[in-house]
Amino acid sequence: MKSQITNALSDFFFEYETPRQVLVRNRRVGVVCRLIQLGVLAYIIGWVFIYEKGYQSTDTAVSSVFTKMKGVGYTNVNGSERVWDVADYVFPPQGDSSFVVMTNYIITEGQSMGKCPELKGKHNCSSHADCEGGSFKRTGHGEMTGVCVNTTKTCEVLAWCPVEDDHNIPDPPLLMSAENYTLFIKNSVTFPLFKVTRSNLVEGIDAKYISKCLHDPKEAPLCPIFRLGDIVKQSGFNFETIAREGGAIGIVVDWTCNFDVDVKHCKPTYNFHGLYGNPAETDKARASVGYNFRYAKHYLEDKVQKRTLLKVFGIRIDIIVQSLARKFDIIPTLTAIGSGVGIFGVATVVCDLVLLYLLPKREFYKNMKFKYTDTQVQPDSESLGLDTSVYYTLEANPRQVRGTDLSNVSDPDSEAGSIETEVSKK
């Protein structure tokens, strides 16, 4: 028992098993095998390593954005002149990555809380019965009092009076001067995995350069100061069209960096996209056009609370930072190589299917590839006067078995081959 255990452990530790291979000389199968292997090799080199850069690890950045608008606007409405500065036309004023620049507006001054008739088309009526007191409509301006005003044929409402009339949007936009406003973007990104921090104020972008530069995709691609009219143009819209009823534009700051080279080559690129609507569509083709919101300034006049209401049409700017940094790493490299080597096995599988199931000589190839055993093995070995262990050693190397003369013993492989050859000839 002890010797059996010792032999078993010895065989386990000191013996190596290798699969048997059959060399098949067949042009069609050989060509198929090489074509598949070339395809796999092209996939590994071209797609995994060159295009997908499978030899590098990746990281995305933690980002912060600061913005500042500059410029002065001027309007003259019915002889009333007014100058608009940054505090008047930027909402909110904190310099966030998302803000609105006012380009057009409808102003309703001197509103106070009281009772007044609704606008035509909102709550039309012919009698008091048409105005249900205490109720309101979603599109209305206030709560109905139950009175129908004969002069306007509309229901009376409790609201900020006079109610806002926003049917007529100023055209051309009142603040066309917004086209020349400038936007300064300051962006900082950190790649935690690689411990690299970068700013869009890269090498060469100093205070002197910023004081006179203006972003241009070709002439000054790294300048962080943008003209509002140029932003709208590069997003595919006409400034006057978008300024009339508003819209939204995304500025994408793209940080795609390769840290296998010097960090100074990691620089941002800027892209501009219209977020609402398609510039090729007409206004009638869209269900909702533009971007607007209401803003009120409250004050006291003769101890009465009043407000000035502005319906603001503007360009909403959303600054979006996207990032992807890469650097060589041995772990993804070995993973990519290992998976590629595994895919090479596809060629073997396909060629085996062709050999064993599609070719005319498939039975011959099956006998060459597989070894079959049955209950006749032991009696045959005994009739030859061979011990069973000697017979199986013969199976591995029939011509050299411990010096035994086996010239009178048939080689199983040769016999199988000769049988299949005769069958194929028939």
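Model, not experiment: these values are computed from the prediction. (Residues numbered from 1 in each chain as written. Predicted model: local features only at pLDDT ≥ 70, side-chain atom pairs only at ≥ 80, totals over all residues. Heavy atoms only, no water.)

1. Regarding the pattern of salt bridges
Under the definition given, this model contains 10 salt bridges. Close ionic contact of Arg227 with Asp230 constitutes a salt bridge, the shortest N to O distance being 2.9 Å. For Asp230, a relative accessible area of 23% corresponds to the partly exposed category. Here Glu245 and Arg244 are joined by a salt bridge, their closest N and O atoms 2.6 Å apart. Looking at Arg244, the relative accessible area reads 23%, which means it is partly exposed. Bridged by salt links that share partners, the residues Glu164, Asp166, Arg294 and Lys311 form one connected network. (Salt bridge = Lys/Arg side-chain N within 4 Å of Asp/Glu carboxyl O. Buried < 20%, exposed > 50% of the residue type's maximum accessible area, 1.4 Å probe, protein only.)

2. Side note on the pairing of strand β15 (residues 304-328)
Looking along a regular strand, one sees the side chains alternate between the two faces of the sheet. Relative to β15, strand β1 (residues 56-59) runs antiparallel, the two being bridged by 4 bridges. Residue pairing in the sheet places Gln56 in a bridge with Phe328 of β15. Where strand β6 (residues 98-117) meets β15, 12 bridges bridge the pair, whose relative direction is antiparallel. Counted as the bridge partner of Asn104 is Phe313 from β15. (Pairing = 2+ DSSP bridges. Helix = DSSP H or I, 4+ residues; strand = E, 2+ residues; numbered from the N terminus.)

3. Overview of unusual backbone geometry
Following Phe91, the chain continues into Pro92 via a peptide bond in cis, with omega recorded as -15°. Take Pro92: it is sitting in the loop between β5 (90-91) and β6. Positive phi, normally seen in glycine, also occurs at Asn78, with a value near 55°. In this model, Asp302 sits at a positive phi of 55°, which is unusual for a non-glycine residue. When you line up the elements, Asp302 lands in the loop between β14 (292-301) and β15.

4. Here we look at the state of the cysteines
The tally for this structure, following the rule as stated, stands at 5 disulfides. Two residues share a disulfide in this structure: Cys131 and Cys155, whose sulfurs sit 1.9 Å from each other. When the S-S torsion is -85°, as for the bridge of Cys131 with Cys155, the disulfide is left-handed. You can see Cys131 sitting in the loop between β6 and β7 (143-149) and its partner Cys155 sitting in strand β8 (residues 154-161), a full 24 residues away along the chain. Residue class for Cys155 comes out buried when judged on its relative accessible area of 1%. (Disulfide = S-S within 2.5 Å.)

5. Considerations on the side chain of Asp318
Locating Asp318 in the fold gives a position in strand β15. You can call Asp318 buried: its relative accessible area is 13%. Those residues in contact with Asp318 that sit more than four places away from it in its chain are Ser97, Ser98, Ile249, Gly250, Ile251 and Leu275. (Contact = heavy atoms within 4.5 Å.)

6. Things to note about the packing of aromatic side chains
Applying the stated criterion across every chain, the model contains 12 aromatic pairs. Look at Phe49 and Tyr55: their rings are 6.4 Å apart centre to centre, the planes differ by 10°, and that puts the pair in the stacked class. Grouped by ring-pair contacts, the aromatic residues Phe91, Tyr291, Phe293 and Tyr295 constitute a single cluster. Here Arg82 stacks its cationic end above the ring of Trp84, 4.0 Å away from the centre of that ring. (Phe/Tyr/Trp six-rings, centres within 6.5 Å; stacked < 30°, edge-to-face > 60°. Lys NZ or Arg CZ within 6 Å of the ring centre and 35° of its normal.)

7. What to know about the environment of Leu38
Relative to the elements of secondary structure, Leu38 occurs in helix α2 (residues 27-51). Look at Leu38 and you get exposed, because its relative accessible area is 54%. Each C-alpha atom, one on Leu38 and one on Phe344, is 9.3 Å from the other, the two residues being 306 residues apart in sequence.

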